[in-house]
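The chain contents come next:
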Amino acid sequence: MLLRKLARLLRSDEPSTPDFAAGHALLEAGRLKEAAAVADALCANAASLANGHYLKALVAQREQRLPEAMAEVREAIRTASSEPAYRLQLAEWLFSTADYTGAALEYEAALCLPNNPFARDALVLFKAAGACERARMIEQAQLRLEQALVARPDFPEARVNLATLVAMQGDAERARAMIDALRSISPGLRLRRALFLPAIAASREHIIEARERLGRDLDELLETKDFVLREPEIEVGLTPFRLAYHGEDNLPLLRKLAALIRKGYAVPQDPPPRPRHAGRLRVGFVSTYFSYHSVGRVVLPLVQGLDRERFEVIVFSISPSQDEVSAAYRRAADRYMELPGSVVGAAQAIREAAPDALVFTDIGMHPITYFLAFWRLAPFQCALPGHSDTTAIDTIDAFVSGEEFEVADAQANYSERLWRVPGFFLSIPDPPRGQPAAPSGRSRYFCPQTLFKLHPDFDEILLGILESDPEASIVLIEDSSPWTNQAISARLQRRLGANARRVIWQRRLGHAEYLSQLARSPVVLDTLHVGGSTILEALPLGVPVVTLPTRFLRGRFGYGCYRLMGVSDCIAHDRDEYVRIAIRLGRDPDAREAIGRRLREASERLFDLRDALRGFEDRLQLGIEEALR
């Protein structure tokens, strides 16, 4: 429909020039060579040069030469920069290649042009909002959805997406009211409404309230008789991701959610036919984050290091990127497969590849892999802690963790069989090395984690540091969402009072700049209840990271790393000790230097994955053999 509208708008005003509309008609009829000839003729005339490049682009796209198509449409834009149609087409193609930032920028450039007939087109505004959301331009996405609803008030998809953005920005009650105002609410949309959880909690009481409400909503849905899901990645479009950042036991809620999905989502649960291949055991890894992402970086050494005499490795990449980490996965895999961005399409491709085992690296982070985990696609299926929480999904047979990272009775935290391997197999392929730079300032406490990891309990630690060290400043990294920055800032203002003036907001940095700042930091603060891979970059530089382990794996990553290294100086047993350790390191350069030397020496143990890999391989083989009996 959009192409037909573009064709009408781009009819030549010069009767003596070749006719774009005629060329487009040939294109639609499948007469590509003739359409290409018209495009050449258009390009030969200065008055129709832009249309010629655009028609060439359409022909190239139809012939599945998308890079050439995008190059041609960029020529059309360069020739006639005031024509929005070219930019809109380029935006659609960029979106299809997962270049969401590029797509968003082209949509915005097109919509900002004067006298633009598309500026009030609800569908174009809706697509622009989708690109902006994927590009983390949340405020712009919300604006475009609001404009789409002005242009077409009865546009339920736009209203649902707007409600979802509102919920992501913390106003779950307003978001739920927007869903309730719809004429009809599908079962999937009712579940989406239930999963509206605040991105930033205002307080611990806010967390408790949100969790209790979710439990009630799930109970109500479990009692309904008409709960059916067909395309849950679209209908629901959310996962229980936010629960992992509440610092609570999620297993009861996740069991309810999984039972509800299993009730309404009719997919194969029985093991597929035994794979018909001889030789090595075939292992598939699946994720939407096999790219320059924290998950992609820490899983890569595992994929690279798996014993190829025992295992054939298939990488199933959903929404693949084109960065250096993605390229490394392509090189590391025996077979690299790009999967379609739908659960059914991905499931069919995986079943046809017939893996003996399927390894989900991060269940709970993305709707496609979350709902894909409810399928039985291999005789044995397991989860890695790319998202460090149990899944409660009955088709996931095991959860693989590290022996040094779990509490003694950790099996109680998981629905799956918990596998503890020696050491830890999630690392980064390129740890920074060398001596740290001179600290950029005394008593600067750097907390580089994403802001949604800042639990309200962590505010007490920040307050303790600022009250104990009058010269202290806390450095936080801004989020790409202004709303998130405002929500955290407002919460800290309330809890820290006048001390909030000593919280420094650092703009988001490129990786090289970030490592430089990390190296100059006297001390790093690990967040409470959930940590991250930052510690794998800080410790090799000799930068101490203060950590306080909690019960669940997601809050024990820093603790486990220190146990592997045999260094315990930065491990606190309670919040008061956390503050004391941070203050000592922040104010005493000699103490920092002494522990920094030990950290640089001991950090080598974090990146020696041989024992962990062999332990993982043995468990993997055992799981496959048990499943195939």
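As a starting point, this report considers the structure included with it. (Residues numbered from 1 in each chain as written. Predicted model: local features only at pLDDT ≥ 70, side-chain atom pairs only at ≥ 80, totals over all residues. Heavy atoms only, no water.)

Here we look at the pattern of salt bridges
Phase 1 of the analysis: Tallying each qualifying case throughout the model produces 40 salt bridges.
Phase 2 of the analysis: E75 serves as the salt-bridge partner of R78, at 2.8 Å between the closest nitrogen and oxygen. Highlighted residues: R78 and E75, both in helix α5 (residues 66-79), separated by 3 residues, approximately one helical turn.
Phase 3 of the analysis: Using a relative accessible area of 60% as the deciding quantity, one classes R78 as exposed.
Phase 4 of the analysis: In this structure, R193 engages D180 in a salt bridge whose closest nitrogen and oxygen atoms are separated by 2.9 Å. In this pair, R193 is assigned in helix α12 (residues 187-194) and D180 in helix α11 (residues 172-180), connecting sequence segments 13 residues apart.
Phase 5 of the analysis: Shared partners join several salt bridges into a network, and the residues in it are R204, E248, D457 and R575. (Salt bridge = Lys/Arg side-chain N within 4 Å of Asp/Glu carboxyl O. Helix = DSSP H or I, 4+ residues; strand = E, 2+ residues; numbered from the N terminus. Buried < 20%, exposed > 50% of the residue type's maximum accessible area, 1.4 Å probe, protein only.)

Details of the sheet that holds strand β7 (residues 417-421)
Phase 1 of the analysis: Taken together, 7 strands build an open sheet; the order of strands is β3-β2-β1-β4-β5-β6-β7 and the sheet is parallel. If you trace the sheet from one side to the other, it starts and ends with β3 (335-339) and β7, each paired once. Across the sheet, the mean angle separating the axes of adjacent strands is 25° when strand polarity is ignored.
Phase 2 of the analysis: Sitting on the sheet, helix α18 (residues 343-353) is in contact with β1 (281-287), β2 (311-318), β3 and β4 (357-360), with an inclination near 155° to β3. (Pairing = 2+ DSSP bridges. Axes fitted to C-alpha atoms, helices over the stretch in contact; angles between N-to-C directions. Contact = heavy atoms within 4.5 Å.)

A short note on the nonpolar core
Phase 1 of the analysis: Among the nonpolar cores identified, the biggest contains 224 residues, and L191, I465, L525 and Y562 are the most heavily contacted of them.
Phase 2 of the analysis: Aside from chain neighbours lying at most four places away, what touches L525 is Y445, F446, C447, P448, F458, L462, I465, I474, V546, Y578 and A582. (Core = buried A, V, L, I, M, F, W, Y, C linked by side-chain atoms within 4.5 Å.)

Brief notes about the sheet that holds strand β11 (residues 523-525)
Phase 1 of the analysis: With respect to topology, 5 strands assemble into an open sheet ordered β10-β9-β8-β11-β12, the strand pairing being parallel. A single partner strand is all that each edge strand has here, and the edge strands are β10 (503-506) and β12 (545-546).
Phase 2 of the analysis: In terms of strand pairing, strand β8 (residues 444-447) meets strand β9 (residues 473-477) through 4 bridges, oriented parallel. Opposite C447, over in β9, you have L476 as the bridge partner.
Phase 3 of the analysis: The sheet contacts of helix α25 (residues 575-587) involve β8, β11 and β12, and relative to β11 the element is tilted by about 155°.

A look at the state of the cysteines
Phase 1 of the analysis: Across all of its chains, the model carries 0 disulfides by this definition.
Phase 2 of the analysis: Sulfur of C132: no disulfide; nearest cysteine sulfur belongs to C112 and is 9.8 Å away.
Phase 3 of the analysis: On the basis of relative accessible area, C132 is assigned to the buried category, the value being 0%.
Phase 4 of the analysis: With no disulfide of its own, C561 lies closest to C570 among cysteine sulfurs, the gap being 12 Å.
Phase 5 of the analysis: Judged by relative accessible area, C561 falls into the buried class, the value being 1%. (Disulfide = S-S within 2.5 Å.)

Thoughts on the packing of aromatic side chains
Phase 1 of the analysis: Applying the stated criterion across every chain yields a total of 20 aromatic pairs.
Phase 2 of the analysis: Between the aromatic rings of F458 and Y578, the centroid separation amounts to 6.5 Å while the plane-to-plane angle is 85°, which identifies the pairing as edge-to-face. Linking F458 in helix α20 (residues 456-468) with Y578 in helix α25, this pair joins segments that are 120 residues apart in sequence.
Phase 3 of the analysis: The class of Y578 is buried, set by a relative accessible area of 0%.
Phase 4 of the analysis: By the ring-pair criterion, three or more aromatic residues cluster together here, those being F405, F424, F425, F557 and F616.
Phase 5 of the analysis: Its end group placed over the ring of F155, R152 keeps NZ or CZ at 3.9 Å from the ring centre.
Phase 6 of the analysis: Sitting over the face of the ring of F452, R242 holds its NZ or CZ atom 5.4 Å from the ring centroid. (Phe/Tyr/Trp six-rings, centres within 6.5 Å; stacked < 30°, edge-to-face > 60°. Lys NZ or Arg CZ within 6 Å of the ring centre and 35° of its normal.)

Structural notes on helix α26 (residues 589-602)
Phase 1 of the analysis: Between the first and last C-alpha of α26 there are 20 Å, a value that for 14 residues agrees with the 20 Å anticipated at 1.5 Å per step.
Phase 2 of the analysis: Among the residues making up α26, those that are buried are A591, R592, I595, G596, L599, R600 and A602. The buried residues of α26 occupy one face: seen down the axis, they fall within an arc of 165°. What points out from α26, more than 90 degrees from its buried face, is the exposed set D590 and E601.
Phase 3 of the analysis: Looking at the buried side of α26, the elements it contacts are α24 (557-565) and α25.
Phase 4 of the analysis: With a side-chain oxygen positioned 3.1 Å from the backbone nitrogen of D590, the residue opening α26 is D588. (Expected span 1.5 Å × (residues − 1). Arc of directions from axis to C-beta. Polar contact = N/O pair within 3.5 Å; in protein donor to acceptor, adjacent residues only side chain to side chain.)

Looking at the pairing of β1
Phase 1 of the analysis: Extensive coverage of β1 is indicated by the burial of 7 of its 7 residues.
Phase 2 of the analysis: The alternating pattern of β1 places L281, V283, F285 and S287 and R282, G284 and V286 on opposite faces, both of which are buried.
Phase 3 of the analysis: In this fold, β1 hands off to helix α16 (residues 294-305), which returns the chain to β2; that crossover is right-handed.
Phase 4 of the analysis: Bridge analysis of β1 against β4 gives 4 bridges, and the strand direction is parallel. Across the sheet, residue V283 finds its bridge partner in β4, namely A357. (Right-handed = clockwise from strand over helix to strand, strands pointing away.)

Points about the environment of T101
Phase 1 of the analysis: Of note, T101 is situated in helix α7 (residues 100-111).
Phase 2 of the analysis: Using a relative accessible area of 44% as the deciding quantity, one classes T101 as partly exposed.

Focus: the environment of L26
Phase 1 of the analysis: Mapped onto the elements, L26 comes out in helix α2 (residues 20-28).
Phase 2 of the analysis: Residue L26 is classed as buried on the basis of its relative accessible area of 15%.
Phase 3 of the analysis: It is 9.1 Å that separates the C-alpha atoms of L26 and V38, two residues lying 12 residues apart in sequence.
Phase 4 of the analysis: Excluding residues that lie within four positions of it along the chain, L26 makes contacts with R31, E34, A35 and V38.

Thoughts on the packing of helix α8 (residues 122-134) against helix α9 (residues 138-151)
Phase 1 of the analysis: One way to put it is that α8 packs onto α9 with a least axis distance of 8 Å and a crossing angle of 165°. Taken together, the axes of α8 and α9 are roughly antiparallel relative to one another. Here α8 runs over α9; the crossing is left-handed. For the pair α8 and α9, the contacting residues are A122, L125, F126, A128, A129, C132 and E133 in the first and I138, Q140, A141, R144, L145, Q147, A148 and A151 in the second.
Phase 2 of the analysis: Across the contact of α8 with α9, the residue classes break down as 11 nonpolar, 2 polar and 2 charged. (Parallel < 35°, antiparallel > 145°, perpendicular 65-115°, else oblique. Left-handed = near helix turned anticlockwise from the far one by under 90°. Nonpolar A, V, L, I, M, F, W, Y, C, P; charged D, E, K, R; others polar.)

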